[in-house]
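Coordinate analysis (summary)
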Amino acid sequence: MKDFLSIPKDKIIYSNEYFFIIEDGFPVSRGHLLIVSNVVRTDYFSLTDEEKYRCVSRNRWRLPLTIFS
């Protein structure tokens, strides 16, 4: 997680009060993104219920389509 604490702002595609999204430095497929918690957590299961809901709920992310081109 410490590697994600110093992400340059220009690398962040999207952010909200819970998470930020960046392109994966080593993508397994085109358009592969990383969703990173704004708060240091051990893993997904350490997120609060609200954070989990915000992470996986449909239509919570408004990403520019240009990131997939």
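Provided above is the structure to which this section pertains.
Numbers given to residues run from 1 along each chain, matching the order in which its sequence is written. The model is predicted, so local features are restricted to residues of pLDDT at least 70 and side-chain atom pairs to those at 80 or more, both for listing and for counting; the totals for chains, interfaces and linings are taken over all residues. Calculation of side-chain values draws on the structure's entire complement of heavy atoms; hydrogens and water are dropped beforehand.

Considerations on the overall build of the protein
The condition is simple: A run of H or I in DSSP counts as a helix once it spans at least four residues, and a run of E counts as a strand once it spans at least two, with each numbered from the N terminus. Partly exposed describes any residue whose relative accessible area lies between the buried limit of under 20% and the exposed limit of over 50%, with all areas from a 1.4 Å probe on protein chains only and scaled to the type maximum. A contact between two residues is defined here by any heavy atoms of the two lying within 4.5 Å.
A count of helices and strands for the protein gives one helix and three strands. Helices and strands appear in the protein in the N-to-C order β-β-β-α. For the protein, the residues scored as buried account for 22% of the 69 residues in total. In the protein, of all internal contacts separated by at least 6 residues, the share reaching a separation of at least 24 is 39%.

Regarding the sheet that holds strand β1 (residues 12-15)
Keep this limit in mind: Between any two strands, pairing holds if DSSP finds at least two bridges. Simply put, an axis is a line fit to the C-alpha atoms, just over the touching stretch for a helix, and the angle between two N-to-C directions goes from 0 to 180 degrees.
Read across the sheet, three strands follow the order β1-β2-β3 without closing on themselves; strand pairing throughout is antiparallel. With partners counted over all chains shown, the strands left at the sheet margins are β1 and β3 (33-37), one partner each. Recorded for the sheet is a direction-independent mean angle of 25° between the axes of neighbouring strands. As judged from the three bridges shared by β1 and strand β2 (residues 19-23), these two strands associate in the antiparallel manner. Within β2, the residue paired with tyrosine 14 across the bridge is isoleucine 21.

Digging into the pattern of salt bridges
This is how it is decided: Any carboxyl oxygen of Asp or Glu that lies within 4 Å of a side-chain nitrogen of Lys or Arg is treated as forming a salt bridge with it.
What the rule picks out here adds up to three salt bridges. A salt bridge links glutamate 51 to arginine 41, with the nearest nitrogen and oxygen atoms 3.0 Å apart. Of this pair, glutamate 51 sits in helix α1 (residues 49-56) while arginine 41 sits in the loop between β3 and α1, and the two are 10 residues apart along the sequence. A relative accessible area of 4% means that glutamate 51 is categorised as buried. Of the residues examined, arginine 41 reaches a relative accessible area of 27% and is grouped as partly exposed. We note a salt bridge from glutamate 50 to arginine 54, for which the minimum N-O separation is 2.9 Å. With glutamate 50 and arginine 54 both in helix α1, this residue pair falls four residues apart, about one helical turn. On the basis of relative accessible area, arginine 54 is assigned to the partly exposed category, the value being 22%. One salt-bridge network, in which partners are shared between bridges, spans Glu17, Glu50 and Arg54.

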